[in-house]
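# Descriptive analysis of the structure
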Amino acid sequence: MFCQDASAPFLFLFSDIAPQLLYYSHFTGIIATLVIGSYVFFKNTSSISAFLIFIVAILFSLWSIFDVITWVNIDSRIIMLSWGLMNLVEPLIYLTLLYFVSHYLKEKTDYRFKFVVVILFLPILFLLSTTYNLKYFDLSVCESIQGELMKYNYSFEILLSALIIYFLVKNLIFIREGMSRKHIVIFSLGVIFFIISFSWANIVGNITTDWEITQYGLFGAPVFMGVLAYLIVRYKAFNVKVFGVQALMLSLIIIIASEYFFIDSLVNFILVGITLILALGFGYILTKSVKRDIQQKEELEVLSQQLVKANIQLKKLDKAKSEFISIASHQLRTPLTAIKGYLSLVVEGSYGQVDDSVKNALQKAYSANERLILLVEDLLNASRIESGRMKYDLADARLEDLVSQSCDSLALKAEDEGLFLKVNAPKSPLPVFHVDGIKVREVISNFIDNAIKYTEKGGVEIGFESDSNSVKIIVSDTGIGIPRDEIPYLFKKFSRGKNTSRLNATGTGLGLFVAKNIIEAHGGRVWVESDGIGKGSRFYIQLPLKWIDPNISTEVGMKEGE
Ligand code: ADP
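Reading the values: rules and limits
Residues numbered from 1 in each chain as written. Predicted model: local features only at pLDDT ≥ 70, side-chain atom pairs only at ≥ 80, totals over all residues. Heavy atoms only, no water. Helix = DSSP H or I, 4+ residues; strand = E, 2+ residues; numbered from the N terminus. Buried < 20%, exposed > 50% of the residue type's maximum accessible area, 1.4 Å probe, protein only. Contact = heavy atoms within 4.5 Å. Areas by Shrake-Rupley, 256 points an atom, 1.4 Å probe, with all protein chains shown as cover. Axes fitted to C-alpha atoms, helices over the stretch in contact; angles between N-to-C directions. Parallel < 35°, antiparallel > 145°, perpendicular 65-115°, else oblique. Left-handed = near helix turned anticlockwise from the far one by under 90°. Nonpolar A, V, L, I, M, F, W, Y, C, P; charged D, E, K, R; others polar. Polar contact = N/O pair within 3.5 Å; in protein donor to acceptor, adjacent residues only side chain to side chain. Pairing = 2+ DSSP bridges. pLDDT = per-residue confidence, 0-100. Near = heavy atom within 4 Å. Expected span 1.5 Å × (residues − 1). Core = buried A, V, L, I, M, F, W, Y, C linked by side-chain atoms within 4.5 Å. Phe/Tyr/Trp six-rings, centres within 6.5 Å; stacked < 30°, edge-to-face > 60°. Lys NZ or Arg CZ within 6 Å of the ring centre and 35° of its normal.

## Some points on the overall build of the protein chain
A tally of helices and strands in the protein chain yields 14 helices and eleven strands. Expressed as a percentage of its 562 residues, the buried residues of the protein chain come to 43%. Residue pairs at least 24 apart in sequence account for 71% of intrachain contacts in the protein chain once pairs closer than 6 positions are excluded. Total accessible area on the protein chain is roughly 31200 Å²; 64% of this is exposed by carbon and sulfur atoms.

Laid out in structure tokens, this is it:
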């Protein structure tokens, strides 16, 4: 049956009100949403959000096609069919949109929620072809008369819209990690305006009966779908710059290609063809280069993020290592001190007379133990320095005494190695220094120990130099010397010279690091001079006569009047 008296819709179409508006509003929307939806989907095939927005685009296009069919037909059977199908597709759009929003915002909806929503949708599906959906066709107005299901449809759509808004508001209040407020605001506006522009016809149609205004709503839908697509692209996988360049090139090519509709000469035909080929070529190169740039940038970003993570991990490991060393060294120190005590008691004869060969062996054990104590002390000091727990007990001390104590404990070792160990007393008595005597002695011992360790022939000499500001202790040896390029690194943690392996000299590379820190904490300086490989070395310890201890903020160093 056909509408004879072509009233409302039919009349609208061919009247003067807006003859082309219907086609414009619907087909622009269909093409734009399909282009946007499929672009985003095919660029992000693994993204569920992109897939859902693609489904919304398809449903929206279907709805628009049914709507156009309903408007332009006068065949009642076709109108009844397309109108009826619209009543199915419309709630489906809200349903997919709800799914999209909850997925995008990572809302955890349990199975009961999904079950209830699906159950509520079922009546719409099952009553689709009954008179509850469309009652009959009114030829006089050329319209289908809606059944009771219409109210249910509207209520269902309002409920889904309310749920969508609930999710949006909830996320705006409690911002989830990884999402900025700006991101959620743009997303919420995109979704809400999409719903408004889509239901515009219903909202306005119910308030006014102006069919022209209702058409404008459909222009909004692709725009807001574009916003959502942008967000998926921007915050998910693909980069928005490539998206922009491709969109620009696509519109340029469409504009050039559309000139074919107005071409009337062969010359123009060829010219437009060449322009089109050029645009295609340049467009391809441009997109490719932008893509490459962005990929490189992204790779760099990923790398720098990995570096940051690795750095944090390294710091943690370093801390754990320092803690371990500190605990282990503490445990080692006590038995070593006990061994030292007993060995010297036995050597001194406190447990009865020992013959020379046993004494000799015990003395070797004693000096090996001494080395071990020094090593453990170095480890402990290094971990204290690193964690900022190094403490200094300042007291009056004479540098000459500290030097001679160090020499005493190492004399045996030098003798064993067949080396001389000589101290040249200062020309005039040195002032009394206010320092941590034990730690400064450790540094001196370390330098002498090294000098013995790294000398094959000759020996070690210790001298003093002083001026009006400072006193220097110089430990010189006739040993293996130090190549110029190694000098800047020697005082760093765990740094050992290349030549050391030749001598089979054991060590950790911590002694000089600890020494530098201890002397600098006293306001002094350590350094080394060497004339090169095989030419011996001179290690310097310089302590100022006056310095401010930052921990106690008073002037220490040389005592006043001395
Ligand atoms: P270790 O002696 O345990 O290796 P140190 O921190 O005490 O560690 O010394 C660091 C490095 O400095 C040594 O490995 C060695 O190469 C070099 N060095 C130190 N003292 C001397 C010296 N007197 N002569 C030559 N090289 C030395």
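## Quick notes on the packing of helix 10 (residues 266-348) against helix 11 (residues 356-387)
Between helix 10 and helix 11, the shortest axis-to-axis distance is 8 Å and the interhelical angle comes to 155°. Viewed along their axes, helix 10 and helix 11 adopt a mutual orientation that is roughly antiparallel. Helix 11 is crossed by helix 10, and the crossing has left-handed handedness. Grouping the constituent residues of the contact of helix 10 with helix 11 by class yields 15 nonpolar, eight polar and nine charged.

## Some remarks on the side chain of Asn-133
Within the secondary structure layout, Asn-133 lies in the loop between helix 5 (111-126) and strand 1 (134-138). Residue Asn-133 is classed as buried on the basis of its relative accessible area of 2%. Only 2.8 Å separates the side chain of Asn-133 from the backbone oxygen of Leu-128, close enough to count as a polar contact. If we skip the residues at most four places from it in the chain, Asn-133 touches Gly-84, Asn-87, Leu-127, Leu-128, Gln-146, Gly-147 and Leu-149.

## A closer look at the side chain of His-522
Considering the arrangement of structural elements, one finds His-522 in the loop between helix 14 (511-521) and strand 8 (525-530). Taking relative accessible area as the criterion, His-522 reaches 1% and is therefore assigned buried. Within the structure, His-522 has its side chain in polar contact with the backbone oxygen of Ile-518 (distance 2.9 Å).

## Considerations on the pairing of strand 7 (residues 470-477)
Of all eight residues making up strand 7, seven are buried, and the element is well covered by its neighbours. Where strand 6 (residues 459-466) hands over to strand 7, the hairpin turn is made up of three residues, counted between the paired strands. Alignment of strand 7 against strand 9 (residues 537-544), held across seven bridges, turns out to be antiparallel. By the bridge assignment for strand 9, Val-475 is matched with Phe-539.

## Observations regarding the confidence of the model for the protein chain
Residues with a pLDDT of 70 or more make up 88% of the protein chain, whose mean pLDDT is 83. Ignoring residues within four places in sequence, the model shows residues 10-19, a span with pLDDT below 50, making 13 contacts including any to other chains. Counted against residues more than four places away or in other chains, residues 552-562, with its pLDDT under 50, gives 28 contacts.

## Notes on the site of the ligand
Looking at the ligand, there are 22 residues lining it, with Asn-450, Tyr-454, Arg-496, Gly-497 and Leu-512 nearest. Taking Leu-512, its main chain carries an N or O atom lying 2.8 Å from an oxygen atom of the ligand. The fraction of the free accessible surface of the ligand (530 Å²) that becomes covered by protein chains is 97%. Among the elements that take part in the shell around the ligand, helix 13 (residues 437-453) stands out by supplying four residues, more than any other. In the shell around the ligand, the residues fall into eight nonpolar, eleven polar and three charged.

## Description of the environment of Ala-32
Counting through the fold element by element, Ala-32 comes out in helix 2 (residues 21-43). Taking the relative accessible area as the measure of exposure, Ala-32 reaches 24% and is therefore partly exposed. The spacing of Ala-32 and Met-225 is 193 residues in sequence and 9.2 Å in space, taken between C-alpha atoms.

## Describing the environment of Ile-448
Along the chain, Ile-448 turns up in helix 13. Ile-448 sits 37 residues away from Ala-411 along the chain, and the two C-alpha atoms are 9.8 Å apart. The contacts of Ile-448, once residues within four sequence positions are left out, are Ser-406, Cys-407, Leu-410, Leu-421, Ile-462 and Val-475.

## A few points about the sheet that holds strand 4 (residues 420-423)
Either a parallel or an antiparallel arrangement is found when strands of a sheet pair, and the pairing is made through backbone hydrogen bonds. The five strands lie next to each other as 4-6-7-9-8, forming an open sheet whose pairing is mixed. Both outer strands of the open sheet, strand 4 and strand 8, are each paired with one neighbouring strand and no more. Each strand axis lies, on average, 15° off the axis of its neighbour in the sheet, ignoring direction. Of the pairings in the sheet, the one linking strand 6 to strand 7 comprises seven bridges and is antiparallel in character.

## Re the environment of Ser-289
Among the structural elements, Ser-289 can be located in helix 10. What makes Ser-289 partly exposed here is its relative accessible area of 26%. As a C-alpha pair, Ser-289 and Val-242 span 47 residues in sequence and 9.5 Å in three-dimensional space. Within the structure, Ser-289 has its side chain in polar contact with the backbone oxygen of Leu-286 (distance 3.1 Å).

## Concerning helix 3 (residues 48-72)
In this model helix 3 runs 36 Å from its N-terminal to its C-terminal C-alpha over 25 residues, within 8% of the 36 Å that 1.5 Å per residue would give. Here helix 3 starts with a cap whose side-chain oxygen sits 3.4 Å from the backbone nitrogen of Ser-49, and that cap is Ser-47.

## Here's the deal with helix 11
Along an α-helix, residues three or four apart share an orientation, since each turn contains 3.6 residues. In a regular helix each residue adds 1.5 Å, so 32 residues correspond to 46 Å; helix 11 covers 46 Å between its end C-alpha atoms and thus fits that length. Gly-388 lies just past helix 11 and shows a positive phi near 70°.

## As for the nonpolar core
Counting 47 residues, the largest nonpolar core has Ile-93, Phe-100, Val-101 and Phe-187 as the members making the most contacts within it. Broken down by element, this core gets its largest block of residues, eleven residues, from helix 4 (residues 76-104). With near-sequence residues (within four places) excluded, Phe-187 lies in contact with Phe-100, Val-101, Tyr-104, Leu-105, Leu-168, Leu-228 and Leu-231. Ranked by size, the runner-up nonpolar core spans 45 residues in total, among them Leu-430, Phe-447, Ile-482 and Ile-519.

## Notes on the packing of aromatic side chains
Going through the model one piece at a time under the given rule, you end up with 19 aromatic pairs. Between the aromatic rings of Phe-41 and Phe-51, the centroid separation amounts to 5.6 Å while the plane-to-plane angle is 55°, which identifies the pairing as tilted. Of the two residues, Phe-41 is situated in helix 2 and Phe-51 in helix 3; the sequence distance between them amounts to ten residues. On the basis of relative accessibility, which here comes to 13%, the residue Phe-41 falls in the buried class. Residue Phe-51 is classed as partly exposed on the basis of its relative accessible area, which comes to 36%. Among the aromatic residues, those joined into a cluster by ring pairs are Phe-60, Trp-63, Tyr-94, Phe-194 and Phe-198. When the ring centre of Trp-527 is taken as origin, the NZ or CZ atom of Arg-525, which lies over that ring, is 4.1 Å away.

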